[in-house]
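Here's the letter readout for the chains.
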Amino acid sequence: MNPNKILLIHGPNLNLLGTREPEIYGKDTLADIDEKMTQKAEELGLSVETFQTNHEGALIDRIQQAAGDCSGIVINPGAYTHTSIALLDALLAVDLPVIEVHLSNIHRRESFRQHSYTAKAATGIIAGLGATGYLLALEAMAGLLAE
Ligand code: DQA
């Protein structure tokens with residue numbers, strides 16, 4: 001187990017950031033976000049491992065592997081936020097601090113986006129602040145780990 005390693009998980013369609021509905025999700029690409037997170041992690045004395053997939057089972061497999069390997073998870077589960085009890089169960093099972101991030105403010109969008117299954121496993125949630133939300137999540141995670 002690496003006490004300073006944070007797993008950053010990006011769910012479905014987030015590989016398209018930059019071109020996907022930029023008026024909602026911003027102009028940063030996923031690579032831009034990952035780079036900012038790597039830099040921020042260094043500043044905080046942490047390291048970040050990033051993982052993106054469009055597949056629900058692959059997300060679950062990666063979360064299960066995080067047990068015993070990472071100290072915390074920052075996750076944007078994409079649309080699986082609103083549908084996946086399996087993802088919630090995986091996050092509960094690993095028993096690590098979890099921070100859920102959404103680029104958009106899901107609470108001012110369509111009603112089907114306003115409920116998060118995965119949030120039940122999260123220590124905290126950040127929504128609506130674009131890419132900055134990930135950086136704030138990492139700062140918050142550093143604080144949680146230092147407690
Ligand atoms: C999202 C919000 C979800 O409703 C959507 O399906 C996404 C991105 C966000 O970051 O705002 O894919 O998680």
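As a reminder, the structure under discussion sits directly above these lines.
Rules used in this analysis
- Residues numbered from 1 in each chain as written.
- Predicted model: local features only at pLDDT ≥ 70, side-chain atom pairs only at ≥ 80, totals over all residues.
- Heavy atoms only, no water.
- Salt bridge = Lys/Arg side-chain N within 4 Å of Asp/Glu carboxyl O.
- Helix = DSSP H or I, 4+ residues; strand = E, 2+ residues; numbered from the N terminus.
- Buried < 20%, exposed > 50% of the residue type's maximum accessible area, 1.4 Å probe, protein only.
- Pairing = 2+ DSSP bridges.
- Axes fitted to C-alpha atoms, helices over the stretch in contact; angles between N-to-C directions.
- Contact = heavy atoms within 4.5 Å.
- Near = heavy atom within 4 Å.
- Polar contact = N/O pair within 3.5 Å; in protein donor to acceptor, adjacent residues only side chain to side chain.
- Areas by Shrake-Rupley, 256 points an atom, 1.4 Å probe, with all protein chains shown as cover.
- Nonpolar A, V, L, I, M, F, W, Y, C, P; charged D, E, K, R; others polar.
- Core = buried A, V, L, I, M, F, W, Y, C linked by side-chain atoms within 4.5 Å.
- Right-handed = clockwise from strand over helix to strand, strands pointing away.

### Quick look at the pattern of salt bridges
If you walk through the whole model with that rule in mind, you get eight salt bridges. Across the pair Lys5 and Glu49 runs a salt bridge whose closest N-O atoms are separated by 2.9 Å. Placement of Lys5 in strand β1 (residues 5-10) and of Glu49 in strand β2 (residues 47-52) is noted, with a sequence separation of 44 residues between them. Among the ionic pairs, Arg109 bridges to Glu110, the shortest N-O distance being 3.8 Å. Take Arg109: its relative accessible area is 17%, and that puts it in the buried class. Glu110 sits in the partly exposed class, given a relative accessible area of 34%. Because the salt bridges share partners, they merge into one network encompassing Lys5, Glu49, Arg62 and Asp69.

### Quick word on the sheet that holds strand β4 (residues 98-102)
Ordered in space as β2-β1-β3-β4-β5, the five strands form an open sheet in which the pairing is parallel. At either margin of the open sheet sits one strand with a lone partner, and together these are β2 and β5 (124-127). Going across the sheet, the axis of each strand differs from the next one's by a mean of 20°, ignoring polarity. As defined by bridge partners, β1 adjoins strand β3 (residues 72-76) across five bridges and the pair is classed as parallel. Of the residues in β3, the one forming a bridge with His10 is Asn76.

### Thoughts on the side chain of His102
Take His102: it is sitting in strand β4. Those residues in contact with His102 that sit more than four places away from it in its chain are Asn76, Pro77, Thr81, Ile125, Ile126, Ala127, Gly128 and Leu129.

### Brief notes about the site of the ligand
All residues adjacent to the ligand are Arg20, Tyr25, Asn76, Gly78, Ala79, His82, His102, Leu103, Ser104, Ile106 and Arg113. Interatomic distance of 2.7 Å between a side-chain N/O atom of His82 and an oxygen atom of the ligand. Arg113 is positioned with one of its side-chain polar atoms (N or O) 2.9 Å from an oxygen atom of the ligand. A total of 320 Å² of accessible area belongs to the ligand in isolation, and the protein chains cover 99% of it. Across the shell around the ligand, the residue classes tally to four nonpolar, five polar and two charged.

### Quick word on the nonpolar core
Soluble globular proteins tend to pack their nonpolar side chains together in the buried interior. Membership of the largest hydrophobic core comes to 22 residues, with the highest contact counts inside it found for Ile6, Leu17, Ile33, Val74, Leu103, Tyr134 and Leu138. Those elements giving two or more residues to this core turn out to be β1, α2 (30-44), β4 and α5 (132-146). Among the elements that line this core, the one with the most residues is α5, at five residues. If we ignore the near neighbours within four places in the chain, the residues touching Ile6 are Leu46, Ser47, Val48, Glu49, Gly72, Val74, Leu138, Met141 and Leu145. Within the second largest apolar cluster, 19 residues are counted, among which are Ile60, Ile73, Leu87 and Leu88.

### Here's the deal with the pairing of β3
Most of β3 sits out of view: five of its five residues are buried. Taking every second residue as pointing to the same face, both faces of β3 are buried, with Gly72, Val74 and Asn76 on one and Ile73 and Ile75 on the other. Following the chain from β3 across helix α4 (residues 85-94) to the adjacent parallel β4, one finds a crossover that is right-handed.

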